[in-house]
Amino acid sequence: MLSSSLINEIQKILGKENVFTTLEERLCYGYDSTPEAFLPDLVIRPTCTEQIQKILKLANLHLFPVIPRGAGTGLSGGSLPVKGGVILDLNRMDRILEIDEENLVATVEPGVITAHLQEEVEKRGLFYPPDPASLKTSTIGGNVAECAGGPRAFKYGVTRDYVLGLEIVTPKGEILQTGGKTVKSVTGYDLTRLYTGSEGTLGIITKIILRLIPKPEAKKTMMIVYERLDDAAKTVTLIIKQGIIPVTLELMDDITMRCVENYLQLGLPLDAEAVLIIEVDGPIDLVEKQINQVGELSRANGAREVKIAKNEKEREEIWAARRAVSAAVVQIKPTKISEDIAVPRSQIPVMVRRLKEIAFRYQLNLAIFGHAGDGNLHPNILCDKNDSEEMERVEKAIGELFQAAVELGGTLSGEHGIGTMKAPYLKLETGEVGFEVMRAIKKALDPNNILNPGKIFGSG
Amino acid sequence: MNNLAKTTAYLNRCSKCGSCQAVCPLYGETKTEPYVARGKLFLLKSHLEGKLPLSSKMKEIMSLCLLCKACVEQCPNSIPVDRMILAARQEIAREKSISFVKKNIFQHLLKNNGRLTLAAQLGYFYQRAGLQWLVRKSRILEVFRGELAQKEHLLPKMAKHPFRKQVPRLFTCSRPKLRVAYYTGCLTNFVYHATGYAVINVLRNHELEVLIPEQWCCGIPALAGGDEKTAIELARKNIDVFQKAGVDVVITDCASCGSMLKEYADLVETPEARAFAAKVLDFSQFLSEAVSFHAGENEIPGLVTYHDPCHLKRGQGVSGAPRKLIKMVPGLAFKEMKESDRCCGAAGSFNLTYHNLATKIGRRKVQNIQQTCADLVITGCPSCIMQLRHVLELEKSPVRVLHLAELLSMTYPSRKANKERGANKTKSRRGRC
């Protein structure tokens with residue numbers, strides 16, 4: 001707990017109206033999009049870098065935890081105040097400082113909403129590709145802290161591929177500038193990449209310089225139904241071998257389709273093993289040619305049905321199925337544990353079979369969907385948080401699915417981060433040495449463990 | 001089990017995804033988590049789990065909701081957030097009791113048309129007798145804390161006598177296709193008479209017999225304030241009167257009243273209530289679906305845009321009908337505004353209680369209106385009209401706001417309705433930009 005004199009001091013820095021002390025307000029900053037929730041001691045809403053510097057100096061002096069938070073839509077527990085402390089809400093630092101059309105660079109504050117930035121740059125014929133599912137609410141700051149991905153990642157990469165530079169307040173309250181407006185930069189260690197995906201454990205990001213690209217001219221969407229999952233996977237490999245890089249390659253398994261169909265009655269096939277939603281973008285002539293090539297390839301490789309959207313309405317219909325997934329799957333059971341493993345692309349069919357086998361063994365409801373292009377799968381375990389016996393089985397299943405991902409040369413997390421949810425499994429992938437290197441970095445940069453304690457490394 | 005406890009199943013459905021942030025007008029302006037649906041639901045859950053009392057802070061947070069249903073529409077799990085907020089307010093009212101002023105309004109004023117009329121007339125007297133002039137000039141209200149001075153400005157001009165006292169109870173028709181009842185709503189009755197005359201004029205141009213029975217407040221102010229008992233009493237009175245009137249349809253000109261009347265079926269749960277609710281149609285819905293609407297011959301030059309009232313689009317599922325009717329007006333051009341269905345900030349008495357916040361929300365709406373270059377905004381709710389006119393005036397915008405009925409009425413050869421409003425002025429230019 002913070003002493004009242006300390007709270008007074010914080011109020012002096014930020015103004016009373018920017019410090020939330022009531023239980024009601026604090027409760028609303030103790031959760032994110034995971035099933036967990038904790039109670040912070042205080043919530044503060046700074047509006048400038050200087051205020052954050054003062055707060056961190058104070059935190060280092062009085063040793064209280066500071067947890068940065070954006071929109072609170074994380075899926076790994078990155079913004080949860082697991083050890084209490086002060087939630088640092090960055091939503092009010094939400095200005096787009098510059099869109100530099102000459103150099104294709106945008107400079108923004110962390111609280112800018114991802115979709116808002118995209119809208120603004122697209123007005124100027126530019127493009128910021130990372131598209132996490134929560135982009136209408138998530139903040140750029142949160143995206144950088146967790147290194148968010150999205151369906152477009154296979155072609156365009158993830159958030160880290162667009163971060164050119166950062167302004168960071170260190171745990172001691174100093175200001176660190178990393179990178180800049182140039183695409184090339186090799187001055188010493190790549191600190192920009194170190195902080196990107198650091199989950200708020202190394203510093204508070206207060207300014208972000210982002211790379212932009214020209215907006216693709218056109219886009220075409222199609223849906224392909226496969227009786228056998230292996231055929232779907234084979235098609236994906238062949239498409240890429242032909243030199244076609246689709247912007248999205250979304251995969252849904254049979255259980256997912258059944259959930260969606262139950263929920264929306266879109267006329268999805270219930271006897272097929274997989275559905276692919278493929279989108280290509282680029283110059284208009286090329287897009288037309290490529291979508292037909294993909295169609296031919298899939299027909300030649302066991303596709304039962306190929307549907308190319310002829311207009312915006314048909315495109316919407318195809319995406320309606322994918323967008324309904326989240327809502328549809330929770331109709332089965334109220335708690336959704338959304339995992340985020342990624343494996344090398346060729347291993348997708350093996351991974352899907354392993355997942356199904358694990359779910360069968362632990363008698364769990366498991367819906368699998370994800371991004372087939374980059375091997376990032378979202379196995380969603382549907383369970384009931386209040387059923388402790390079931391939750392035990394869930395825990396065991398999660399351990400096994402991580403094990404399987406790592407064995408196949410994959411990773412625990414493609415785009416959600418480690419946070420608290422995956423902290424116990426980190427060493428599975430990093431090994432002892434990797435773990436120690438990471439911990440040494442954390443110790444060197446935040447010796448008093450002020451920033452977001454309990455994340456990545458767990459409580460140990 | 002109280003109404004709030006009954007909502008536990010819905011609370012468990014919230015996956016805390018935060019999608020509601022993208023559409024909540026309050027969150028958009030404040031970026032404050034307790035004001036968005038996810039925050040409120042989490043607090044209600046904490047309360048039901050016994051971890052949080054219904055404190056005065058809870059009361060404040062629960063009162064900070066526009067009930068605009070934008071989050072309900074957005075929610076991937078279709079959680080009826082507005083109903084849960086109403087249940088919470090009811091529970092808070094039961095535990096903490098409603099404020100003295102509100103209690104008097106709900107339980108004495110709304111249930112008694114005589115007293116309600118008297119209150120409206122006092123308002124009229126205040127405005128006409130020079131008192132309002134004196135108050136505004138002397139800036140006496142500025143000594144009070146809060147935004148009383150601006151709130152006073154929000155009040156529209158009250159009419160001297162209620163609308164229903166000025167029109168016959170029945171407009172006959174030689175060979176009526178249908179017999180319809182007109183539910184006038186309080187704002188039309190006490191403030192916006194022009195809307196009332198326009199509704200009647202349009203209906204009478206469609207071979208209908210129009211009945212305006214004695215009626216009561218629909219009850220939505222009471223329900224939104226946590227007083228379900230008063231709301232049910234008012235519902236029973238209205239159901240009784242309109243069922244006895246023996247009409248085919250009950251037409252409303254107010255989106256909020258309309259959605260409330262339609263909800264009587266769930267509120268009162270009797271066969272009569274269900275029969276009544278099934279007869280209720282919004283003015284635009286009725287013209288577009290129940291009769292084949294024909295506009296008059298008067299051309300209305302100009303560029304117009306349309307604001308979707310929350311309680312019409314999301315409350316009653318009506319958004320196509322008004323647009324279809326607007327497009328049938330001769331000479332008029334229509335342009336859609338951005339975020340046409342985002343709440344204007346009126347939300348019943350929300351703009352009175354939280355004036356600054358409501359005005360911020362209203363400003364975004366006004367910006368969207370101005371971007372269309374339209375010189376006229378059409379909508380279907382007197383409460384929205386009051387708010388839109390107020391914020392447009394604050395922004396010194398010349399854009400006019402009219403009820404859909406007023407626009408449609410202007411197309412017919414002049415009758416009393418047109419004289420009332422002096423709306424015969426035609427403009428030669430189209431659009432303001």
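For every chain, the first residue of the written sequence is number 1, and numbering continues from 1 along that sequence. By the order in which they are written, chains take letters starting at A while ligands take numbers starting at 1. For a predicted model such as this one, the threshold for reporting local features is a pLDDT of at least 70, and the threshold for listing and counting side-chain atom pairs is 80 or more; totals across whole chains, interfaces and linings nevertheless cover every residue. Heavy atoms from the whole structure form the basis of all side-chain values; hydrogens and water molecules are not counted.

Enquirer: Kindly report on the nonpolar core, identifying the contributing residues and their values.
Expert: Counting residues in hydrophobic clusters, the biggest one holds 143 residues, and the most contacted among them are Phe286 and Leu287 of chain B. Secondary structure elements are defined from DSSP: runs of H or I of at least 4 residues count as helices, runs of E of at least 2 residues count as strands, and each element is numbered from the N terminus. No other element matches helix H6 (residues 81-96) of chain B, which puts 8 residues into this core. Contacts are assigned to residue pairs that have any heavy atoms within 4.5 Å of one another. In this structure, Phe286 of chain B is in contact with Leu178, Val180, Leu203, Leu208, Val249, Ile251, Leu281 and Val291 of chain B, ignoring residues within four places of it in sequence. Counting residues in each nonpolar core, the second largest holds 56 residues, with Leu355, Leu377, Leu401 and Leu426 of chain A among its members. Side-chain atoms within 4.5 Å are what join buried Ala, Val, Leu, Ile, Met, Phe, Trp, Tyr and Cys residues into a set we call a nonpolar core. Burial classes follow relative accessibility: with a 1.4 Å probe on protein chains only, a residue under 20% of its type's maximum area counts as buried, one over 50% as exposed, and anything between as partly exposed.

Enquirer: Which residues make up the environment of Cys14 of chain B, and what are the values?
Expert: Residue and element names in this part refer to chain B. Turning to its location among the elements, Cys14 is positioned in the loop between helix H1 (8-13) and helix H2 (25-30). Given a relative accessible area of 22%, Cys14 falls into the partly exposed group. Residues Cys14 and Arg38, 24 residues apart in the sequence, show an inter-C-alpha distance of 7.5 Å.

Enquirer: Tell me about the domain arrangement of chain B, and please be specific about residues and values.
Expert: The accessible area lost on association of the parts is a frequent measure of interface size. Residues and elements named next belong to chain B. All domain edges in this entry derive from an automatic or database-based domain assignment. Entries for chain B in the domain assignment read domain 1 (5-96) and domain 2 (302-421). Counting residues at the interface gives 18 residues for domain 1 and 16 residues for domain 2. In short, buried area is how much 1.4 Å probe accessible area vanishes from two parts on joining, totalled over both. Roughly 1300 Å² of surface becomes buried between domain 1 and domain 2 when both sides are summed, with 64% attributable to carbon and sulfur atoms. Just to be clear on terms, a salt bridge is a Lys or Arg side-chain nitrogen sitting within 4 Å of an Asp or Glu carboxyl oxygen. The interface formed by domain 1 and domain 2 includes 1 salt bridge. Measuring nitrogen to oxygen at the nearest pair gives 4.0 Å for the salt bridge that ties Lys313 to Glu73. Think of a polar contact as two N or O atoms within 3.5 Å of one another; within protein, one of them needs to be a possible hydrogen donor and the other a possible acceptor, and neighboring residues in sequence only count if both atoms come from side chains. Here domain 1 and domain 2 share 3 residue pairs in polar contact (both at pLDDT 80 or more) between them. Contributing elements (two or more residues each) for the side of domain 1 that touches domain 2: H2, helix H4 (56-63) and helix H5 (70-74). Considering each element in turn, the side of domain 1 that touches domain 2 owes the most residues, 5 residues, to H2. Polar here means any residue other than Ala, Val, Leu, Ile, Met, Phe, Trp, Tyr, Cys and Pro, which are nonpolar, and Asp, Glu, Lys and Arg, which are charged; Gly is therefore polar. Tallied by class, residues from the side of domain 1 that touches domain 2 come to 11 nonpolar, 3 polar and 4 charged.

Enquirer: Pulling in residues and values, what's your account of the pairing of strand S18 (residues 376-383) of chain A?
Expert: Residues and elements named next belong to chain A. In terms of burial, S18 is a largely internal element, 8 of the 8 residues being buried. Here S18 shows two buried faces, one formed by Asn376, His378, Asn380 and Leu382 and the other by Leu377, Pro379, Ile381 and Cys383. Any two strands with at least two DSSP bridges between them are considered paired. Here 4 bridges tie strand S16 (residues 335-338) to S18, and the two strands are oriented antiparallel to one another. Looking across to S18, one finds that Ser338 is bridged to Asn380. Alignment of strand S17 (residues 365-371) against S18, held across 7 bridges, turns out to be antiparallel. For Ile368, the partnering residue across the bridge sits in S18 and is Pro379. Taking the residues that link successive antiparallel strands as the turn, the S17-S18 hairpin has 4 residues, and the phi of Gly375 there is positive, at about 75°.

Enquirer: Before we move on, could you go through the side chain of Asp227 of chain B and cite the residues and values that matter?
Expert: With respect to the helices, strands and loops of the structure, Asp227 of chain B is situated in the loop between helix H13 (220-224) and helix H14 (228-244). With residues near it in sequence (within four places) discarded, Asp227 of chain B still touches Ile98, Phe106, Gln107 and Ala222 of chain B.

Enquirer: An account of the confidence of the model for chain B is needed here, citing residue identities and associated values.
Expert: All names here are of chain B. Confidence of the predictor at the level of single residues is captured by pLDDT, which takes values from 0 to 100. Taken as a whole, chain B shows an average pLDDT of 87; of its residues, 88% reach a score of 70 or greater. Mean pLDDT across the secondary structure elements of chain B bottoms out at helix H24 (residues 416-421), with 51, and peaks at strand S8 (residues 376-379), with 97. Scored below 50 in pLDDT, residues 422-428 makes 8 contacts in the model with residues more than four places away or belonging to other chains.

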